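Inside the fold
If you want the building blocks of each chain, they are given just below.
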Amino acid sequence: MRVLHTSDWHIGKRLCGFERLQEQKDVLAEIAAICDREKVDLILVAGDIFDTFLPSAEAEDLFYDSIKKIAGADRCVLLISGNHDDNIRLSAATALSESQGIYIYGNNDHIPVINKERRVHLEEADNTYAVVSDGKERVFVNILPFPNEARLREDRNPEESFLDKMRRWIGRGESKNIRKLPSIFMSHLFVCGGKTSEGEREIDLGGARAITLDLLPMCSYTALGHLHRKQHFTGNVYYSGSILQYSFDEAGMDKSVVVFDLNGENATNIREIKLKSGKQLVRLAATGVSDAVALLKMYPDALIELTLYLTEPLLASQIRTLKDTNKGLVSIITDVQTNLSSREFNSRKAMSSSEIFKEYYNSLFAVKPSDELTELFLSLTEEEDETQTP
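Report on the accompanying structure. Everything numeric in this text was worked out from a predicted model, so none of it was measured.

1. Observations regarding the pattern of salt bridges
Under the defined criterion, the tally for this structure stands at 24 salt bridges. One salt bridge in this structure joins Asp-41 and Arg-119, with 2.8 Å as the shortest N-O distance. Residue Asp-41 is located in the loop between helix 1 (21-37) and strand 2 (42-45), and its partner Arg-119 is located in the loop between strand 4 (102-105) and strand 5 (121-125); the two are separated by 78 residues in the primary sequence. The class for Asp-41 is buried, based on a relative accessible area of 9%. Lys-274 is the salt-bridge partner of Asp-254, the closest N and O atoms lying 3.5 Å from each other. Linking Asp-254 in the loop between strand 13 (237-239) and strand 14 (255-263) with Lys-274 in strand 15 (residues 266-275), this pair joins segments that are 20 residues apart in sequence. For Lys-274, a relative accessible area of 47% puts it in the partly exposed group. Taken together, the shared-partner salt bridges in this structure form one network comprising Arg-2, Arg-37, Glu-38, Asp-261 and Arg-271.

The structure is reproduced here in structure tokens:
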């Protein structure tokens, strides 16, 4: 049986306000094409389908359209809720999705309806596991959605630690594999030692919600979601990573899905298939606006974070110039170098407002302000004077 592992779609997620739905549509279509090309039987989606508990109508429409294409005519999809998902909302469509071979697991007591009309289908299932069959081979999947606060509160045992709860829940799923079938564990968890990204929410709560590697069950393959960087631990434990670069510290990192074959008790031919869709994220730095403009022209199709090292504040007209140069510029960070040690405060009674402003500005930034900035300051002082005139 051939299996594809993906996670952390974050449909609806923006980058500094920049809309990325078209990129998400493209990459999900690419995953559907990979399923066709690789003749995938079973798809595991390990959580964080949406970016928020209340996704937009456009995000939900994209999800339903994409997941149907990924399931195709005869594949099986097992999908779990992550920490970004409202598990109840996500599971609401199960009455319709299960007839399409799409089984959604949230933190609830829903028992999947088994439909054996499809080539790859469920033979057994409850709210903690699924036995998937392609008519020749069977695989047992132990399923644990992200343990959200509601589930943790409902499990009333104040003396039981988070790790003890996880051990018990994982063990309960494993106990259902009575026939000792080849097995997969799928969950949305933070494993100690995993590398996080800037775009992720605080996920380990100071370590209180992290689990150790030895807590994971002995199985053929562990399919995890939660961390956006793809990574691999011993024992065929994989984070497939997010489908797009969602934060600038992921700039330059490849995104992929994991595909493998399950033959008997062994996961073989494990390989990462690179995803080509979506814009690349780039971090740039320049010492002035003219240098920045030249850099921005070199990356016409990227989403860009620009750090500017300046000796005076950035003007609105300069910001417009930068954004007009490259529409993918979504973040500007300015670092204005000041020199406060050379300030001198002499009598200013005979000085005009413009002279006082220029001297003060020069004491801060070691350069004279531009005429445009001086005129802006004077216009503000004139408005202040007008409001105070009796």
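Text resumes after the structure shown.
2. A short note on the nonpolar core
Soluble globular proteins tend to pack their nonpolar side chains together in the buried interior. In terms of nonpolar packing, the biggest core is built from 33 residues, with Trp-9, Ile-11 and Ile-31 touching the most fellow members. At the level of secondary structure, the elements contributing two or more residues to this core comprise helix 1, strand 2, helix 2 (57-71), strand 3 (76-80), strand 4, strand 14 and strand 15. Residues in contact with Trp-9, not counting those within four places in the same chain, are Gln-24, Leu-28, Ile-31, Val-45, Gly-47, Asp-48, Ile-49, Phe-63, Ile-67, Ile-70, Ile-243 and Tyr-246. One finds Ile-80, Val-139, Met-186 and Tyr-238 within the second-largest nonpolar core, a separate group that totals 27 residues.

Parameters at a glance
Residues numbered from 1 in each chain as written. Predicted model: local features only at pLDDT ≥ 70, side-chain atom pairs only at ≥ 80, totals over all residues. Heavy atoms only, no water. Salt bridge = Lys/Arg side-chain N within 4 Å of Asp/Glu carboxyl O. Helix = DSSP H or I, 4+ residues; strand = E, 2+ residues; numbered from the N terminus. Buried < 20%, exposed > 50% of the residue type's maximum accessible area, 1.4 Å probe, protein only. Core = buried A, V, L, I, M, F, W, Y, C linked by side-chain atoms within 4.5 Å. Contact = heavy atoms within 4.5 Å.

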